[in-house]
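The residues making up each chain are set out below.
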Amino acid sequence: MSRERLIEVKDLSFRYKADAPLSLDRVSLEVYAGEWLAIIGHNGSGKSTLAKCLNGLILPETGTVLVDGLNTRDEDAIWEIRRRVGMVFQNPDNQFVGTTVQDDVAFGMENHGIDRDEMVKRMASALKLVNMEGTENREPHRLSGGQKQRVAIAGIIALQPSIIILDEATSMLDPKGREDVLSVMHELNKTKGITVISITHDLDEAAGSDRIIAMEKGRIVLSGTPREVFQHPERLLELGLDLPFAIKMRQALSEQGIAVSPDAFSEEELVEELWKLKSTI
Amino acid sequence: MKLIIGQFVPGDSIIHRMDPRAKLITVFIFVFIVFLANNPWTYGFLLAFTVLGILVSKVPFSFIYRGLKPVLFIIIFTFILNALFTRQGDVLISAGWFQLTTAGLKQAIFISIRLLAIIVVTTLLTLTTSPIAITDGLETLLKPLKKWRFPVHEFALMMSIALRFIPTLMEETEKIMKAQMARGVDFSSGSLVKRGKAIIPLLVPLFVGAFKRAEDLAMAMEARGYRGDVGRTKFRLLKWHGRDTGLLSVLAVLTAALILMRG
């Protein structure tokens, strides 16, 4: 993985009201090109606030946010920042602007003044990338939640961004819709090299990331690869998060005195280790 | 759930395919030239234009009747008024103070045709043009008003977002209604006052929800780079075809005929 820095956050603090406690407390982090970064934490930990700082929807009280060297405080750069940092929100219905799929995909492109011929081209390829081709004239109330989220992703891809932020984008979806959205995003991450920042409290989703940052009370309290972070299951429970199935299984097994190496954190790894456990070969 | 917003009846007739601008201009002008007619010939032209419109649009007559129904009473009322209170020409029927004269009958028929023609033609516009196409058409036609700071683009966007959220809010209404019914709210019986009160627990969550949606939507729009009308391009294109010029030509001929033939 290249270690080119895409986003640099330095000493970022923010609060919603002057007398309120800090929602973000001197947060510093870097996001590297091409990685899949999961930001976890329970409700009110500041993870969504942090996400909204990354594309300038919220401006820092103190500290700076640089996207590709552009400061979110810079009013001339803000629209370019928002083009480069796309964002998919939680509620599929409340971010669907157009009356049909194609109008919605076009909305972002219209805002950025893209030529119509170019729009048509980009729309076709964007819809294909999210497996929604052929639904151009469908109205939003005829789409499932997962389909709506994929249309939202298509609208962002059409702007050729370098980063897509999923702000709990799968939390209102059924398992099938969630899987569809995540597999589309993993595909984009791998083939198009789009950096993904996924804000989530679903640790199963976070387990598939390259790097995890855990937040509590506006601060970063844990960070590392999923393997490293899942070494401390008790810490994650303290943060109010539900552990992934494989980790829970591992814990339950070790309580029963069955020694499983602390390395196994995915289901496959666990199975792999279990079937070898009693083997004498 | 098949939801028809407004009264648009999807179809593929030549009128359906016409540019919304052409249709809007036609209806706008038609409403004025209707008042040029003042003799059997000219009223005949108006009627012919209207009937031709219905036939070409291939919209089932029942839909047009549905559009007419609410105003049918007004048409009949004006018919009777005109028939009763015009006392010129030969007397046809006379009973006591009641008198139906030829002039009265003629006047009544003319006025009814006038009203009918206006209503049918405007209904035909909304029946054959989707609300979003009407919005697009209005946006382009009203563009000159921008010079006087009239927010044409914002107005059109507001319309289209409102149209997009109608089904969403209807679904939500249904959900809330069921939730409140499960808690014992009775929407369908009792006095009018009682029923009106039952609506309150429906409206409050609906409004709160709508405001939450509006906030989310505003944020999503900003995240996608919306900054008003600045440097914006448009994806939905209106295309002017031969048929649209054709419609306006027919309208021009009708106007000329009305002017030449009126008595």
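Computed from a prediction, not measured in an experiment: that's the story for all the values here.

Colleague: What am I meant to see in helix H5 (residues 145–157) of chain A here?
Modeller: One turn of an α-helix holds 3.6 residues; hence residues three or four places apart share an orientation. All names here are of chain A. Here H5 contains 13 residues, and its C-alpha end-to-end distance of 18 Å stays within 8% of the 18 Å for a straight helix at 1.5 Å per residue. Of all 13 residues making up H5, twelve are buried, and the element is well covered by its neighbours. If you check which residues of H5 are buried, you get Gly146, Gln147, Lys148, Gln149, Arg150, Val151, Ala152, Ile153, Ala154, Gly155, Ile156 and Ile157. For H5, the secondary structure elements touched by its buried residues are strand E6 (85–88), helix H3 (101–111), helix H4 (116–129), strand E7 (163–167) and helix H6 (175–191).

Colleague: It is not clear to me how the packing of helix H3 (residues 40–57) of chain B against helix H5 (residues 102–128) of chain B should be interpreted in this structure. Could you clarify?
Modeller: In helix packing, the relevant descriptors are the interaxial angle and the interaxial distance, both defined with respect to the helix axes. All names here are of chain B. Contact pair H3 / H5: the axes reach a minimum separation of 10 Å and the direction vectors enclose 25°. By the angle between their axes, H3 is roughly parallel relative to H5. In the packing of H3 onto H5, the handedness of the crossing is left-handed. Contacts between H3 and H5 involve Tyr43, Leu46, Leu47, Thr50, Gly53, Ile54 and Ser57 from the former and Phe110, Ile113, Ala117, Val120, Val121, Leu124 and Thr128 from the latter. The residue makeup of the contact of H3 with H5, split by class, is ten nonpolar, four polar and no charged.

Colleague: Please clarify how the pairing of E7 of chain A should be interpreted in this entry.
Modeller: In regular strands, side chains alternate between the two faces of the sheet. All names here are of chain A. With five of five residues buried, E7 lies mostly within the body of the structure. Side-chain alternation along E7 places Ile163, Ile165 and Asp167 on one buried face and Ile164 and Leu166 on a second face that is also buried. Relative to E7, E6 is paired through four bridges, and the arrangement is parallel. Residue pairing in the sheet places Gly86 in a bridge with Ile164 of E7. Alignment of E7 against strand E8 (residues 195–200), held across five bridges, turns out to be parallel. From the neighbouring strand, Ile165 faces E8, where its bridge partner is Ile197. For the crossover that starts at E7, traverses H6 and ends in the parallel E8, the hand is right-handed.

Colleague: What am I meant to see in the pairing of strand E4 (residues 62–67) of chain A here?
Modeller: Residues and elements named next belong to chain A. As defined by bridge partners, strand E1 (residues 5–14) adjoins E4 across five bridges and the pair is classed as antiparallel. For Ser13, the partnering residue across the bridge sits in E4 and is Thr62. Bridge count between E4 and strand E5 (residues 70–71): two bridges; the pairing is antiparallel. Bridged to Val67 within E5 is Leu70. A loop of two residues connects E4 with E5, the two strands running antiparallel in sequence, and Asp68 in this loop sits at a positive phi of about 55°.

Colleague: Would you mind going over the sheet that holds E6 of chain A with me for this structure?
Modeller: Strands in a sheet are paired, the pairing made by backbone hydrogen bonds, and the direction either parallel or antiparallel. All names here are of chain A. With mixed pairing, six strands are arranged side by side in an open sheet as E6-E7-E8-E3-E9-E10. The sheet terminates laterally at E6 and strand E10 (219–224), the two strands that pair on one side only. Taken pair by pair, the neighbouring strands of this sheet meet at an average axis angle of 20°, ignoring direction. For strand E3 (residues 36–40) and E8, the ladder comprises five bridges, and the chain directions are parallel. When the bridges of E8 are listed, Leu37 appears paired with Ile197. Those strands touched by H5 are E6 and E7, and its axis lies near 170° from that of E6.

Colleague: Hey, could you run me through the domain arrangement of chain A in this one?
Modeller: Frequently, the measure chosen for interface size is the accessible area that the parts lose on association. Residues and elements named next belong to chain A. Segmenting chain A into domains produces domain 1 (5–239) and domain 2 (244–281). Each partner contributes to the interface: domain 1 provides eight residues, whereas domain 2 provides seven residues. Every element with two or more residues in the side of domain 1 that touches domain 2 is listed here: helix H7 (203–207) and helix H8 (226–229). Of all the elements, H7 adds the most residues to the side of domain 1 that touches domain 2, at three residues. For the side of domain 1 that touches domain 2, a count of residues per class yields five nonpolar, one polar and two charged.

Colleague: Just to check I follow, could you spell out the environment of Thr26 of chain B for this structure?
Modeller: All names here are of chain B. For Thr26, the location among the structural elements is in helix H2 (residues 20–33). What makes Thr26 buried here is the crowd of 22 C-beta atoms within 10 Å. When residues no more than four places from it in sequence are discounted, the contact partners of Thr26 are Leu247, Leu248 and Leu251.

Colleague: Mind showing me how you'd approach the environment of Trp240 of chain B here?
Modeller: With respect to the secondary-structure elements, Trp240 of chain B resides in the loop between helix H8 (192–223) and helix H9 (242–261). Distance in space between the C-alpha atoms of Trp240 of chain B and Arg21 of chain B is 8.5 Å, their sequence separation being 219 residues.

Colleague: Could you clarify how one ought to interpret the nonpolar core in this entry?
Modeller: General note: in soluble globular proteins, nonpolar side chains tend to be found buried as a group. Core analysis: the largest hydrophobic core is formed by 82 residues, its most contacted members being Ala154 and Ile165 of chain A. Of all the elements, H5 of chain A adds the most residues to this core, at six residues. Counting residues domain by domain, this core receives three or more from each of domain 1 (5–239) and domain 2 (244–281) of chain A. Non-local contacts of Ala154 of chain A, meaning those with residues more than four positions away in its chain, are made with Val105, Ala126, Leu127, Leu129, Val130 and Met132 of chain A. Ile33, Ala117, Leu125 and Ala257 of chain B belong to the second-largest nonpolar core, a separate cluster that totals 19 residues.

Colleague: How should I be thinking about H2 of chain B in this particular structure?
Modeller: All names here are of chain B. Compared with an ideal rise of 1.5 Å per residue, which puts 14 residues at 20 Å, H2 spans 20 Å between its outermost C-alpha atoms and is within 8% of the ideal. Every buried residue of H2 is listed here: Pro20, Arg21, Ala22, Lys23, Thr26, Phe30 and Ile33. Taken together, the buried residues of H2 touch H5, helix H6 (131–141) and H9.

Colleague: Sorry, what's going on with the confidence of the model for chain B here?
Modeller: Low-confidence regions, as indicated by low pLDDT, have predicted coordinates that should not be scrutinised in detail. Residues and elements named next belong to chain B. The pLDDT averaged across chain B works out to 89; a share of 98% of its residues lies at or above 70. Mean pLDDT in chain B bottoms out at strand E1 (residues 91–95), which sits at 80, and peaks at H2, which reaches 95. Interface confidence in the predicted complex, given as ipTM, is 0.88; pTM for the same model is 0.84.

Definitions and cut-offs
- Position labels on residues start from 1 in each chain and follow its written sequence.
- The naming scheme follows written order: chains are lettered A onward, ligands numbered 1 onward.
- Confidence filtering applies because this is a predicted model: local features only for residues at pLDDT of at least 70, side-chain atom pairs given and counted only at 80 or more, and all residues used for totals across whole chains, interfaces and linings.
- Runs of E in the DSSP output that reach at least two residues are strands. Runs of H or I that reach at least four are helices, and both are numbered from the N terminus.
- Under the convention used throughout, the expected extent of a helix is 1.5 Å for every residue step, that is, one less than its residue count.
- Exposure in this text rests on C-beta crowding, where 20 or more other C-beta atoms within 10 Å of a residue's own make it buried, 12 or fewer make it exposed, and counts in between make it partly exposed. The C-beta atoms are placed from the backbone.
- Throughout, a pair of residues is in contact if the C-beta atoms placed from their backbones lie within 7 Å.
- Axis angles are defined between N-to-C directions and span 0 to 180 degrees, where every axis is a line fitted to C-alpha atoms and, for a helix, only to the segment in contact.
- Throughout this description, any angle smaller than 35 degrees is read as roughly parallel, any larger than 145 degrees as roughly antiparallel, any in the 65 to 115 degree range as roughly perpendicular, and the remainder as oblique.
- Crossing handedness follows the turn of the near helix against the far one: under a right angle anticlockwise gives a left-handed crossing, and clockwise gives a right-handed one.
- Note that Gly is not counted as nonpolar here; it falls among the polar residues with everything else outside the nonpolar set of Ala, Val, Leu, Ile, Met, Phe, Trp, Tyr, Cys and Pro and the charged set of Asp, Glu, Lys and Arg.
- One bridge is not enough; two strands pair if DSSP finds at least two bridges between them.
- Viewed with both strands pointing away, a crossover whose connecting path from the first strand over the helix to the second turns clockwise is right-handed.
- Source of the domain bounds: an automatic or database domain assignment.
- Working definition: the nonpolar core is a set of buried Ala, Val, Leu, Ile, Met, Phe, Trp, Tyr and Cys residues, joined through C-beta atoms within 7 Å.
- Each residue carries a pLDDT value, the predictor's own confidence for that position, ranging from 0 to 100.

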